[in-house]
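Residue-level listing of the chains:
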Amino acid sequence: MLTPSNNICIFLLSLLLTCILLVGTACSSTGTTTLSVSTSTPAPTSTSHMPAAHVVYAQPNFTTSTLYPTGQNTLKNAGAITSDMHGGFYVADYGNNRVLHFPSAGNNRVGPQADRVYGQPDYTSNAVGHGAIELNYPHGVAVDLTGGLFVADTFNNRVLHYPQGSTTPDRVYGQPTYVSKESNGVSPITLAHPEGLVVDGTGLYVADSNNNRVLHYASNSTTADFVYGQGTPGNSPSNLATNSSGAGVYGLNVPRDVAVDRTGLYVCDSGNHRVTHYNIGNPLADRVYGQLGFAPTLIQANQGNAHPTATTLNNPTGIALDQRGGLYIADRRNNRILYYAAIMQTTPNDPPATGIYGQSSYTTKDASTTAKTFNGPGGVSIDTNGNVFVLDIFNQRVLTFTELG
């Protein structure tokens, strides 16, 4: 006869045997137990690629987009931006016919007002002019290796160089004098609506937008010695005298910005909805972003799709490179900045972006005014401290982010 204590012992023994059987079924062939808790890292959501800006310039907060009267802390449909490599930046304030310099914001969320103006006698003037100290809708800025400033004075069909600390130019490209402004034919000494600029150890590159070409000028020379976008060879007098629009590996269609690093030259080929890469001194493009390939029939905004993807572009107008070789593209009509990690610069044509600012996914293109979104991002620049400056054109502001990668 079983006593209550015997019953308890039998119950506990049965329970123990059941547990042993359950553990046995969870063992792998090597005899280790497979746990039900996963140790893998969850896939990142799209919001992990939508960082928030930590500084706003030219607006009092991150949700205001007011078009203010011309002043020391205002912008009007600004066209281009470049870092000064000291925490601040220069911006081509297109609609106010001037260039402004803004100093570093330090630890502040709202950036300081401008501390220098080019092209106007004061911070409240915005008149068009074509003299030595005037500007006419400038749309490009770049800092040289000595701290001097280049300005693409777009509607005066010229580029001006200003020595460090001076608001009076000491050199003019594209015009014979400081008071002429016409686009006089196509040659190594003329320009037609120049926009993007970049400088390296060899000299100056200019996106000569309406001439569908990029020109290279040796340091301190105002005569171009090489052309991209007008066929091969790039240094022939005949190719330096043509301005046909095109696509493929030879052509460009309204190039609007340029960037350069040790791998070569990047051109924002805006009218072809793409960015092209060239080895320095070779006028034939060897890599393309935003299009499936170089065939002219492939040239469409967002590759003909109704919505963007991680591999498409729509009217890109700005490009920049970080210290690690990462590429940033201001994909203006898609209201986003795309980031391509350095490793993507060695992949085949049309690589996918690896990061995004301004959108919660690669397939949206909404415009709004927050710390995470844009309305027509037209320019981007990165400094050596990892600050990403984005010119948010129609929100009349500049936002500062931390670089990706």
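Residues numbered from 1 in each chain as written. Predicted model: local features only at pLDDT ≥ 70, side-chain atom pairs only at ≥ 80, totals over all residues. Heavy atoms only, no water.

S.K.: Can you help me understand unusual backbone geometry in this one?
M.R.: Glycine aside, residues mostly have negative phi, and peptide bonds are mostly found in the trans state. Cis geometry marks the peptide bond from Thr232 to Pro233; its omega dihedral reads 0 degrees. When you line up the elements, Pro233 lands in the loop between strand E13 (226-228) and strand E14 (255-261). Of note in this structure, Met85 is not a glycine but carries a positive phi near 65 degrees. Mapping Met85 onto the fold places it in the loop between strand E2 (80-83) and strand E3 (89-93). Judged by relative accessible area, which is 39%, Met85 ranks as partly exposed. Of note, Asn335 is a non-glycine position whose phi angle comes to about 55 degrees, a positive value. If you trace the backbone, Asn335 turns up in the loop between strand E19 (327-331) and strand E20 (336-340). (Helix = DSSP H or I, 4+ residues; strand = E, 2+ residues; numbered from the N terminus. Buried < 20%, exposed > 50% of the residue type's maximum accessible area, 1.4 Å probe, protein only.)

S.K.: Would you mind going over the side chain of Arg213 with me for this structure?
M.R.: Mapped onto the elements, Arg213 comes out in strand E12 (residues 213-218). Residue classification places Arg213 among the buried positions, given a relative accessible area of 0%. Here the side chain of Arg213 touches Leu240 through a polar contact of 3.0 Å, landing on its backbone oxygen. (Polar contact = N/O pair within 3.5 Å; in protein donor to acceptor, adjacent residues only side chain to side chain.)

S.K.: Help me out: how do you make sense of the nonpolar core in this one?
M.R.: Here is a general trend for soluble globular proteins: nonpolar side chains tend to be buried in one another's company. Counting 36 residues, the largest nonpolar core has Tyr328, Tyr340 and Val380 as its most contacted members. The next biggest cluster of nonpolar side chains, apart from the first, holds 18 residues, and it includes Tyr57, Ala58, Leu75 and Phe89. (Core = buried A, V, L, I, M, F, W, Y, C linked by side-chain atoms within 4.5 Å.)

S.K.: Would you mind showing me how to read the environment of Asn335 here?
M.R.: With a relative accessible area of 8%, Asn335 lands in the buried category. The contact partners of Asn335, leaving out residues within four places of it in the chain, are Tyr357, Gly358, Gln359, Lys365, Asp366, Ala367, Phe374, Asn375, Gly376 and Pro377. (Contact = heavy atoms within 4.5 Å.)

S.K.: Would you mind going over the layout of surface pockets with me for this structure?
M.R.: By rolling a water-sized probe across the atoms, one finds the places where empty space is left. Of the pockets and cavities examined, the largest pocket occupies roughly 970 Å³. Lining the largest pocket are 48 residues, and of these Thr82, Ser83, Met85, Val143 and Ser381 sit closest to its centre. Going through the elements one at a time, E2, strand E6 (140-143), strand E10 (194-200), E14, strand E18 (316-321) and strand E22 (377-382) are the ones with two or more residues in the lining of the largest pocket. Residues of the lining of the largest pocket, tallied by class, amount to 19 nonpolar, 18 polar and 11 charged. The space that makes up the second largest pocket amounts to roughly 210 Å³. Contributions of two or more residues to the lining of the second largest pocket are made by strand E9 (171-173), E10 and strand E11 (203-208). (1 Å grid on protein atoms, 1.4 Å probe; cavity = no way out; pocket = protein on both sides within 12 Å on 5 of 7 lines; lining within 4 Å. Points joined across faces, edges and corners; volume = space filled by probe spheres on them. Nonpolar A, V, L, I, M, F, W, Y, C, P; charged D, E, K, R; others polar.)

S.K.: Would you take a moment to explain the confidence of the model for the protein for this structure?
M.R.: Of the residues in the protein, 88% reach a pLDDT of 70 or more, and the chain-wide mean stands at 89. Segment residues 1-48: pLDDT under 50, and 13 contacts once partners within four positions in sequence are set aside and those in other chains are kept. (pLDDT = per-residue confidence, 0-100.)

S.K.: What am I meant to see in the sheet that holds strand E8 (residues 158-162) here?
M.R.: Whenever strands of a sheet pair, they do so through backbone hydrogen bonds, lying parallel or antiparallel. Taking strand neighbours across the sheet as the criterion, the four strands line up as E6-E7-E8-E9 in an open arrangement whose pairing is antiparallel. Of all the strands in the sheet, the pair left with one neighbour each is E6 and E9. Each adjacent strand pair in this sheet contributes to an overall mean axis angle of 20 degrees, direction not counted. Pairing between E6 and strand E7 (residues 149-153): four bridges, direction antiparallel. The residue bridging Val143 from the neighbouring strand is Leu149, located in E7. (Pairing = 2+ DSSP bridges. Axes fitted to C-alpha atoms, helices over the stretch in contact; angles between N-to-C directions.)

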